[in-house]
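# Close look at the chain arrangement
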Amino acid sequence: MSISTKPYKDSDLGKKEQVAQMFDAISTKYDKLNRVISFGIDVKWRKKMLTMVTKTNPDTILDIATGTGDLAILMSATNAKKIIGLDISAGMLEVGKQKISARNLSEKIEMILGDSEKIPFDDNHFDAVTVAFGIRNFENLEKGLLEIRRVLKPKGIFVILETSIPENYLLRVGYTFYTKNMLPLIGKLFSKDKVAYQYLCDSASIFPYGEKLNNILRKIGFIDVKHTPQTFGVATIYSASKN
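Below: a short report on this structure. Keep in mind the model is a prediction, meaning the values are calculated, not measured.

### Here's the deal with unusual backbone geometry
- The backbone of Phe 133 sits at a positive phi, close to 55°, despite the residue not being glycine.
- Note on placement: Phe 133 falls in the loop between β4 (126-132) and α6 (141-151).
- Of note, the phi angle at Thr 231 is positive, near 45°, even though the residue is not glycine.
- On the accessibility criterion, Thr 231 (30% relative accessible area) is partly exposed.

Shown next, in the form of structure tokens:
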């Protein structure tokens with residue numbers, strides 16, 4: 001399954017290349033802008049992911065679409081011996097490496113340039129895999145999820161944080177107005193790349209969420225699939241495992 005929208009509609013590049021280009025362009029502003037557009041609530045959502053992963057007592061964690069490493073850094077609060085942050089944007093990874101170094105976490109967290117659809121690790125390698133606001137950027141969703149399942153150990157935990165759309169009609173109207181009108185405007189104030197946050201809005205609006213994503217995860221072969229809407233349904237946390 002491909003999420004068809006791309007950042008640069010007039011470009012001949014594939015979605016992966018366009019996404020990498022887009023995040024490279026906004027990498028130095030990304031953290032600050034993220035806090036603004038989510039009103040800082042995304043920090044609370046990530047802490048819930050941390051709680052879920054910590055309960056499984058993992059030794060190894062893979063954070064896919066790690067970006068500037070916020071979630072990977074947060075996961076250092078677990079007892080994990082090794083945390084890998086994987087991303088296709090060299091610009092985002094460079095910002096993340098600086099943050100990790102400043103926190104003296106370079107021995108515990110390693111940032112790797114790589115493709116979520118071709119994860120450079122053996123089968124059954126990680127106790128936990130996380131993705132925060134990244135799976136809607138996969139060029140082929142099912143292929144990326146299959147790769148995640150491949151590298152996840154049996155009985156390991158897979159946790160996703162992704163945007164979703166509120167079910168309540170009034171909340172949905174407000175959410176749609178904010179994402180379509182206000183969010184791109186805020187993005188333009190922070191970034192020279194004017195299409196970046198328009199793409200993030202567009203990709204969120206067509207991404208399968210809730211039970212639709214649950215069914216895709218089950219189709220891939222994940223078990224114990226659950227989802228919990230966050231903050232009136234503007235985001236959702238999913239968890240799954242494998243035999």
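### Things to note about the pairing of strand β5 (residues 152-163)
- Within β5, nine of the twelve residues are buried, which leaves it mostly tucked inside the rest of the structure.
- Here six bridges tie β4 to β5, and the two strands are oriented parallel to one another. Bridged to Phe 126 within β5 is Leu 152.
- For the handedness criterion, the β-α-β arrangement of β4, α6 and β5 is classed as right-handed.
- One ladder, built from six bridges, connects β5 with strand β7 (residues 235-241); its direction is antiparallel. Following the sheet pairing, Glu 162 is matched in β7 by Thr 236.

Calculation criteria
- Along each chain, residue indices are assigned from 1 in the same order as the chain's sequence is written.
- For this predicted model, a pLDDT threshold of at least 70 governs which residues receive local features, and a threshold of 80 or more governs which side-chain atom pairs are given and counted, while totals over whole chains, interfaces and linings are taken from all residues.
- By convention in this description, side-chain values take in all heavy atoms of the structure and omit both hydrogens and water.
- Runs of H or I in DSSP of at least four residues are treated as helices and runs of E of at least two as strands, each being numbered from the N terminus.
- Only protein chains enter the accessibility calculation, which uses a 1.4 Å probe; a residue is then buried when its area is under 20% of its type maximum, exposed when over 50%, and partly exposed in between.
- One requirement defines pairing of two strands: DSSP has to find at least two bridges between them.
- For a crossover, the right-handed case is the one in which the path from the first strand over the helix to the second runs clockwise, viewed with the strands pointing away from the viewer.

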